[in-house]
Amino acid sequence: MNQLYNHREIEKKWQDKWDNAQVFKSATNPKNKKYVLDMFPYPSGSGLHVGHPEGYTATDIYCRYLKMSGFDVMHPMGWDAFGLPAENYAIKMGVHPKVSTEQNIKNFTRQVKSFGFCYDWEREINTSSPEYYKWSQWFFLLLYKRGLVYKKKAPVNWCNSCNTVLANEQVVSGKCERCESEVVKKDLEQWFFKVTAYAEELLSNLEKLEWSDALKIMQRNWIGKSNGAEIDFQIKDSDKLIKVFTTRPDTLYGATYMVLAPEHSLVNELKDKIENFDEVAKYIEITNKKSELERTELNKEKTGVELKGILAINPVNQKQIPVYISDYVLGSYGTGAIMCVPAHDERDFEFAKKFNLPIIKVIESDEKFNENNAMELSGTMINSEEFNGMKSEEAKEKITRRANGKLTTQYKIRDWLVSRQRYWGAPIPIIYCDTCGTVPVPEKDLPVLLPDDISDFRPTGKSPLETSPSFKNVKCPICGKDARREYDTMDGFVDNSWYYYRYLDPKNEQEFCSKDNIKNWMPVDTYVGGSEHAVGHLVYSRFFTKVLRDAGYLDFDEPFLKLINQGLILGEDGQKMSKSRGNVVNPDEVVNEYGADSFRMYEMFMGPLEDSKPWSTDGIKGQRRFLDKVFQYFYNFQYGENKDDKLLNLLNKTIKKVSDDIENFRFNTAISSLMIYFRELSKFEKLSKEYIDNYIIMLSCFAPHLAEEIWEKLGNKDFVCLQNWPKYNAELARDEKIKLPIQINGKLRDTIEVDAEIDEEKLKQLILSREKIKKYADGHEVLKFIYVKNRICNIILK
RNA sequence: GCCGUGGUGGCGGAAUUGGUAUACGCGACGGACUUAAAAUCCGUUGAAGGCAACUUCUUGUGGGUUCAAGUCCCACCCACGGUACCA
């Protein structure tokens with residue numbers, strides 16, 4: 001009689017039991033700590049995506065394994081609840097963001113809990129709660145105190161649909177990462193965090209992290225370090241200078257013109273001297289109207305306008321060269337102005353061709369130099385007076401000195417724009433007083449609460465906080481006179497740049513986290529999440545940690561030692577899951593129909609964690625089938641005294657394989673070995689405890705509910721998740737007899753079972769006397785006999 | 001364009017890091033059970049040829065190194081991800 005495995009009953013039962021017994025509570029005084037962190041989710045309105053439990057199952061298996069192996073594990077979960085998605089959802093549904101966020105968190109909690117993950121729920125955090133965002137505001141003040149926050153009017157990314165500014169990291173190929181509308185530039189006064197102050201360290205410390213090379217390279221490119229020189233060009237008949245940054249000071253003798261970014265301040269300063277200012281002004285206006293996307297469009301023909309009447313003087317040879325403005329020069333990088341060497345820079349070359357500017361070669365290289373291209377390699381100097389004949393690399397420093405320039409370094413990374421003209425975020429803790437100016441809110445007055453007396457959260461381009469009378473007016477903390485608060489709120493990324501500290505001390509009202517707790521648990525040993533945060537969250541978190549270190553709160557440099565990026569789970573059609581494609585898989589339905597254990601097993605079995613892979617409903621059925629068989633087998637099983645050497649050998653191999661695989665996050669092959677062992681195991685009716693218990697313990701990481709149920713059925717006390725992880729015995733895992741493949745001239749012709757310790761000469765005799773081999777070998781001379789121990793044998797015949 | 005990752009059966013993938021390619025799972029086909037279907041169980045399953053034992057071919061393409069290549073080297077093609085005139 002087949003006994004059905006009732007996942008709904010069993011999973012609920014064990015989740016409650018774990019809860020009541022508080023088995024996943026983390027230690028207060030860890031000796032042997034491991035901090036395993038998941039990227040916490042945005043509690044969006046659409047509920048959990050099947051991609052979430054992929055990473056969460058991976059860390060869950062790992063944590064269960066670590067616990068059973070004797071480690072004190074920190075494994076928390078929480079909600080990244082502030083930010084645009086939560087607010088946009090609330091506006092759409094016509095409710096207060098607080099209400100919808102609470103609903104969503106409730107739903108997410110139910111969903112996450114349905115998988116039986118071993119989180120310590122007492123540490124749950126919610127970034128939109130005042131107890132949490134008080135400390136986000138405190139971080140703002142800490143940075144302010146340390147000179148790492150400033151307010152500046154600057155051209156910033158503006159999303160016309162979300163009606164707010166965006167950080168560079170939130171602009172994806174010229175579009176808003178949230179709503180995909182085109183992003184335009186606007187001149188606005190905004191708050192920035194000075195991430196650039198740590199650019200060099202953010203770059204150099206990457207080396208000591210156990211992150212994938214791909215991810216490190218992404219960060220390296222984002223930080224974008226370039227070594228070069230700053231050189232001043234005097235403007236003729238003026239006391240003004242054009243300062244340029246170049247990575248190729250060696251090409252200075254080849255500079256035939258200069259270009260300023262259209263937004264460069266010199267353009268206005270030189271207004272009176274520019275003979276064609278009308279034309280120039282028109283060009284600037286057209287540029288301003290362009291969206292970021294249009295301006296950076298690929299293969300666009302170069303445009304620009306000469307500043308007539310303006311000439312710059314090359315500091316090395318006093319040559320007078322024309323000055324242009326063009327949108328191929330960015331105002332935000334370097335000095336916003338460049339010297340142009342068309343012979344040795346592709347973009348300058350294109351521009352020079354179009355405007356008929358002279359092209360002077362100053363470097364020769366062995367490589368062939370096509371007349372339709374710029375030669376961008378290094379080589380030997382020519383046309384450069386006393387530097388001729390010198391290696392160009394060597395000339396860089398010498399020419400810089402000759403030009404009175406200085407060697408410098410530039411980074412692509414920009415300071416982090418943190419102001420948002422939206423409601424659902426932590427208010428920026430700043431007060432504006434007519435007498436005292438910009439005044440930070442005193443720490444004792446934190447948190448600055450989000451006001452409740454706002455009815456309309458729709459984005460208008462100005463923060464909705466401005467419409468709240470209770471929020472707006474405040475007394476100046478210094479002089480006590482009437483003042484007003486900053487209306488803008490902070491980017492949600494501010495909240496999630498430090499959440500991994502708060503988990504360690506979530507109820508502390510005096511500090512963001514006590515020093516003891518930081519010492520006990522940080523840094524994070526293993527961090528798992530999607531690669532979409534490669535340059536945003538992961539850069540900001542590293543920045544926050546470095547600031548905390550310099551402020552004396554901690555003594556390490558990096559928050560996340562090891563990082564694993566799980567791949568995307570695609571729809572059954574191989575495309576990215578989306579509502580419009582109709583290929584979204586709802587985890588609730590899957591858990592309800594097949595159970596959390598089947599879901600967990602399936603997602604781990606799909607393939608390597610890091611890979612993107614398509615969902616398959618048949619695939620999850622297969623896992624359910626396997627678990628059914630396991631349940632079936634153990635349902636009526638009773639321990640006996642029976643032993644079997646072959647099975648014991650396989651058990652020890654399986655323990656080794658599964659342990660290694662879990663430590664390296666290779667869960668697909670771990671499950672495969674668990675299946676292979678079960679196939680052999682199930683051939684026996686009775687077996688002694690070790691064949692069974694060790695197996696159930698291993699299985700409990702992957703299918704914890706089922707494993708507990710079987711464990712209990714077999715009459716065992718206590719939870720299976722509190723058992724010790726099995727140790728493998730190398731002696732028992734070794735094979736005495738091995739199957740050896742035999743090749744003749746590299747082709748497989750035979751296999752032979754031999755003693756593992758057989759010596760080569762004996763083996764050779766044995767093999768050459770075999771009928772199958774004789775058939776090939778007779779009449780041929782054996783040129784070579786290759787034996788790779790326990791691997792293969794290859795006979796080379798003449 | 002540049003940078004990165006990857007191309008293995010009908011599908012997801014495995015391969016001890018240079019040593020029996022296709023483990024494990026899915027699907028498909030055949031059989032058992034059933035009035036029938038589902039579920040379950042047993043068997044077959046890279047391709048081609050042969051009644052057969054067996055033979056030949058096969059890891060994106062083309063070369064190379066080696067006793068031996070999915071794995072190493074060179075060239076190319078394709079897919080995915082990142083980036084976007086960064087001077």
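Here the residue numbering is sequential within each chain, running from 1 through the sequence in written order. For naming, the first written chain is A and the first written ligand is 1, with later ones following in the order written. The predicted origin of the model limits local features to residues at a pLDDT of at least 70 and limits the giving and counting of side-chain atom pairs to 80 or more, whereas totals for whole chains, interfaces and linings rest on all residues. To get the side-chain values, take all heavy atoms of the structure and skip hydrogens and water.

Enquirer: How should I be thinking about the overall build of chain A in this particular structure?
Expert: Note on conventions: DSSP H or I runs of at least 4 residues are helices, E runs of at least 2 residues are strands, and numbering of each starts at the N terminus. Looking only at helices and strands, one finds 27 helices and 33 strands in chain A. Overall size of chain A, expressed as C-alpha extent along the three principal axes, is 100 × 85 × 50 Å. Throughout, exposure labels follow a simple rule: accessible area from a 1.4 Å probe, protein chains only, divided by the maximum for the residue type, with under 20% read as buried, over 50% as exposed, and the rest as partly exposed. A buried classification covers 54% of the 798 residues belonging to chain A. Contacts between residues were defined by any pair of non-hydrogen atoms, one from each residue, lying within 4.5 Å. Taking contacts inside chain A between residues at least 6 apart in sequence as the whole, the part at least 24 apart equals 72%. Accessibility throughout is a Shrake-Rupley quantity obtained with a 1.4 Å probe, and a residue counts as covered only by protein chains that appear here. Accessible surface computed for chain A: about 36900 Å², of which carbon and sulfur atoms make up 47%.

Enquirer: How do you make sense of the pattern of salt bridges when you look at a structure like this?
Expert: A side chain with one charge can pair with a side chain of the opposite charge if their charged atoms come near. What makes a salt bridge here is a side-chain nitrogen of Lys or Arg within 4 Å of a carboxyl oxygen of Asp or Glu, nothing more. For the structure on display, the rule yields 55 salt bridges. Salt-bridge contacts for R420 lead to D491; the nearest nitrogen and oxygen are separated by 3.1 Å. Here R420 is found in strand β20 (residues 419–420), whereas its partner D491 is found in the loop between β25 (489–490) and α14 (492–495), with 71 residues between them in sequence. In this structure, R420 and D491 share a single accessibility class: buried. Connected through shared salt-bridge partners, E201, K208, R542, K546, R549, D550, D557 and E558 make up one network.

Enquirer: What is the right way to read the side chain of Q623 from this model?
Expert: As for its placement among the helices and strands, Q623 is situated in helix α20 (residues 617–635). The buried category is assigned to Q623, whose relative accessible area is 2%. Discounting chain neighbours no more than four positions away, the residues touching Q623 are S598, M601, Y602, F605, I671 and M675.

Enquirer: How should I be thinking about the sheet that holds strand β31 (residues 747–755) in this particular structure?
Expert: Across a sheet, strands are paired by hydrogen bonds formed along the backbone, either parallel or antiparallel in direction. One open sheet accounts for four strands, arranged β31-β30-β33-β32; its pairing is mixed. One side of each edge strand has no neighbouring strand; the edge strands of this open sheet are β31 and β32 (782–788). Strand after strand, the sheet turns through a mean of 20 degrees between neighbouring axes, direction not considered. In terms of strand pairing, strand β30 (residues 737–744) meets strand β33 (residues 792–797) through three bridges, oriented parallel. Bridge pairing in β33 places I742 opposite C793. When DSSP finds two or more bridges between a pair of strands, those strands are recorded as paired. In this analysis, axes come from line fits to C-alpha atoms, helices being fitted only over the stretch in contact, and the angle between any two N-to-C directions falls in the range 0 to 180 degrees.

Enquirer: Where do I start with the packing of α20 against helix α24 (residues 704–713) in this structure?
Expert: Between two packed helices, both the angle of their axes relative to each other and the distance between the axes serve to describe the pair. Taken N-terminus to C-terminus, the directions of α20 and α24 make an angle of 10 degrees; their axes are 10 Å apart at the nearest point. In terms of axis orientation, α20 runs roughly parallel to α24. Counted together, L627, V630, F631, F634 and Y635 of α20 and L706, E709, I710 and K713 of α24 form the full contact between these two elements. When an angle is under 35 degrees it counts as roughly parallel; over 145 it counts as roughly antiparallel; between 65 and 115 it counts as roughly perpendicular; any other value is oblique.

Enquirer: I would appreciate a short explanation of the nonpolar core in the present structure.
Expert: Burial of nonpolar side chains together is a common tendency in soluble globular proteins. Y35, F193, W416, Y501, F512 and W615 are the most contacted members of the largest nonpolar core, which totals 109 residues. Residue contributions to this core peak at nine residues, all from helix α5 (residues 130–145). Excluding anything up to four places from it in sequence, F512 contacts W135, W138, F139, W498, Y501, R502, D505, I518, L548 and Y553. As used here, the term nonpolar core means buried Ala, Val, Leu, Ile, Met, Phe, Trp, Tyr and Cys residues forming a set that is joined through side-chain atoms within 4.5 Å. One finds I61, C701, A703 and A707 within the second-largest nonpolar core, a separate group that totals 63 residues.

Enquirer: Mind showing me how you'd approach the packing of α20 against helix α23 (residues 689–702) here?
Expert: Remark: α20 packs on α23, axes separated minimally by 13 Å, with the N-to-C direction vectors making an angle of 145 degrees. Of the two elements, α20 crosses α23, and the hand of that crossing is left-handed. Listed contacts from α23 to F626, V630 and F634 of α20 are I692, Y695, I696 and L699. Of the residues assigned to the contact of α20 with α23, the class counts are seven nonpolar, no polar and no charged. Crossing chirality is assigned from the near helix's rotation relative to the far helix, an anticlockwise turn below a right angle marking it left-handed and a clockwise turn marking it right-handed. Amino acid classes used here: Ala, Val, Leu, Ile, Met, Phe, Trp, Tyr, Cys and Pro are nonpolar; Asp, Glu, Lys and Arg are charged; the rest, including Gly, are polar.

Enquirer: Help me understand the sheet that holds strand β27 (residues 560–565) in this model?
Expert: Reading across from one edge, β2-β1-β26-β27 is the order of the four strands in this open sheet, with parallel pairing throughout. Among the strands making up the open sheet, the edge pair consists of β2 (72–74) and β27. The average angle at which neighbouring strand axes cross in this sheet is 20 degrees, direction not considered. Pairing between strand β26 (residues 524–529) and β27: five bridges, direction parallel. Bridge pairing links Y527 to L563 in β27. Running at roughly 170 degrees to strand β1 (residues 33–38), helix α2 (residues 52–68) makes contact with β1, β2 and β26 of the sheet.

Enquirer: What should I look at first to understand the pairing of β32 in this one?
Expert: Put simply, side chains in a regular strand alternate between the two faces of the sheet. With six bridges joining them, β32 and β33 adopt antiparallel strand pairing. Residue pairing across strands places K784 opposite I796, the latter belonging to β33. Joining the antiparallel neighbours β32 and β33 is a turn of three residues, in which N790 adopts a positive phi near 60 degrees.

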